[in-house]
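For reference, the chains in residue letters:
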Amino acid sequence: MPGSPRPAPSWVLLLRLLALLRPPGLGEACSCAPAHPQQHICHSALVIRAKISSEKVVPASADPADTEKMLRYEIKQIKMFKGFEKVKDVQYIYTPFDSSLCGVKLEANSQKQYLLTGQVLSDGKVFIHLCNYIEPWEDLSLVQRESLNHHYHLNCGCQITTCYTVPCTILAPNECLWTDWLLERKLYGYQAQHYVCMKHVDGTCSWYRGHLPLRKEFVDIVQP
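Residues numbered from 1 in each chain as written. Predicted model: local features only at pLDDT ≥ 70, side-chain atom pairs only at ≥ 80, totals over all residues. Heavy atoms only, no water.

The protein is annotated in an unreviewed UniProt entry as Metalloproteinase inhibitor 4 from Pongo abelii. Per UniProt, the comment on the protein under Subcellular location (unreviewed entry) is "Secreted". (UniProt positions renumbered as here; feature names shortened; annotations may be inferred.)

And the structure:
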């Protein structure tokens, strides 16, 4: 009597999901919805600072008929900001080999350090892709680095909405309007680098940068 089919590893299912989510007509491209760094931190299961020791191409599953490949990065974890309850120390991270499935290319065997966000799969493997927030550590602002420890985590109850055109208005009291694209025509501009959407005692949220005043451009844009 034949045995029952073995369930596919969770990372294989993720690869298939990424393939299904690939927009029509963009067969060789990866497309991601924009997200503020704070949103990335709040929605990720794992956030770490690490260096990449080496990389290796590995099969996506043990099934010989499965032609999908993964990139396995061996890393040196420097600090963990989120994910303590899921993993203690990360040795390897995995990403799709195919760039059209949002595979991430990182520099191995160098002194470069990265901020890595990703998912912890049911088999314990850490999976990353281009839709995660992955940045060289040296490119992060001081506010971003400090917020990884406290402010981002403590304000996940706030909603951040990307503004593409005017008028752009707040629809809920716990909402902050992200205007980098509108003002600078890039996502990770001044607001993403230097501000946190912070929740107040009355349940409302607004942009905050320590003792510094909020730049006027970031106040709600209600008129074209």
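K.L.:
Any chance you could explain the pairing of strand 4 (residues 113-120) here in plain terms?
P.N.:
Sheet faces and side chains relate simply in a regular strand, where the side chains alternate between the two faces. The buried count for strand 4 comes to six of eight residues, which makes it a mostly enclosed element. Here strand 4 pairs with strand 6 (residues 134-136) via three bridges, running antiparallel. Bridging across to strand 6, L115 finds its partner in E135. Pairing geometry for strand 4 and strand 5 (residues 126-127), over two bridges, is antiparallel. Following the sheet pairing, Q119 is matched in strand 5 by F127. The hairpin turn running from strand 4 into strand 5, its antiparallel successor, is five residues long, and G124 in that turn takes a positive phi close to 90°. (Buried < 20%, exposed > 50% of the residue type's maximum accessible area, 1.4 Å probe, protein only. Helix = DSSP H or I, 4+ residues; strand = E, 2+ residues; numbered from the N terminus. Pairing = 2+ DSSP bridges.)

K.L.:
It is not clear to me how the confidence of the model for the protein should be interpreted in this structure. Could you clarify?
P.N.:
Predicted coordinates in regions of low pLDDT should not be interpreted in detail. Predicted confidence across the protein gives a mean pLDDT of 84, with 81% of residues reaching 70 or more. Taken as a whole, residues 211-215 scores under 50 in pLDDT and shows six contacts with residues more than four places along the chain or in a different chain. Across residues 217-224, confidence stays below pLDDT 50; counting only partners more than four residues off in sequence or on other chains, it has 25 contacts. (pLDDT = per-residue confidence, 0-100. Contact = heavy atoms within 4.5 Å.)

K.L.:
It is not clear to me how the UniProt feature "binding site: Zn(2+)" (unreviewed entry) in the protein should be interpreted in this structure. Could you clarify?
P.N.:
According to UniProt, the positions carrying the feature "binding site: Zn(2+)" (unreviewed entry) are C30. Mapped onto the secondary structure, C30 falls in the loop between helix 1 (10-21) and helix 2 (37-43). Judged by relative accessible area, C30 falls into the partly exposed class, the value being 26%.

K.L.:
I keep staring at the environment of P173 and nothing clicks. Help me out?
P.N.:
On the secondary structure map, P173 appears in the loop between strand 7 (159-162) and strand 8 (175-178). For P173, a relative accessible area of 59% gives the class exposed. Expressed as a C-alpha distance, the spacing of P173 and D202, which sit 29 residues apart in the sequence, is 9.5 Å. Discounting residues that sit within four places of it in the chain, P173 has contacts with G203, T204 and C205.

K.L.:
In this structure, what is going on with the packing of aromatic side chains? I would like to understand it.
P.N.:
Think of a pair of aromatic rings as described by two things: how far the centres are apart, and how the planes are tilted against each other in angle. Scanning the model with the defined rule gives four aromatic pairs in all. A ring pair is formed by Y190 and Y195, whose centres lie 6.3 Å apart and whose planes are at 55°; its orientation type is tilted. For Y190, a relative accessible area of 26% corresponds to the partly exposed category. (Phe/Tyr/Trp six-rings, centres within 6.5 Å; stacked < 30°, edge-to-face > 60°.)

K.L.:
Help me understand the nonpolar core in this model?
P.N.:
The tendency in soluble globular proteins is for nonpolar side chains to be buried as a group. Ranked by internal contacts, the top residues of the largest apolar core, which has 20 residues, are L46, I48, I75, V90, I93, L106 and L116. Mapped by element, the contributors of at least two residues to this core are strand 1 (46-59), strand 2 (69-82) and strand 4. The residues contacting L46, other than those within four sequence positions of it, are M80, K82, G83, V87, V90, L116, T117, G118, V120 and V126. Counting eleven residues, the second-largest nonpolar core is a separate cluster that includes L115, W137, Y152 and V196. (Core = buried A, V, L, I, M, F, W, Y, C linked by side-chain atoms within 4.5 Å.)

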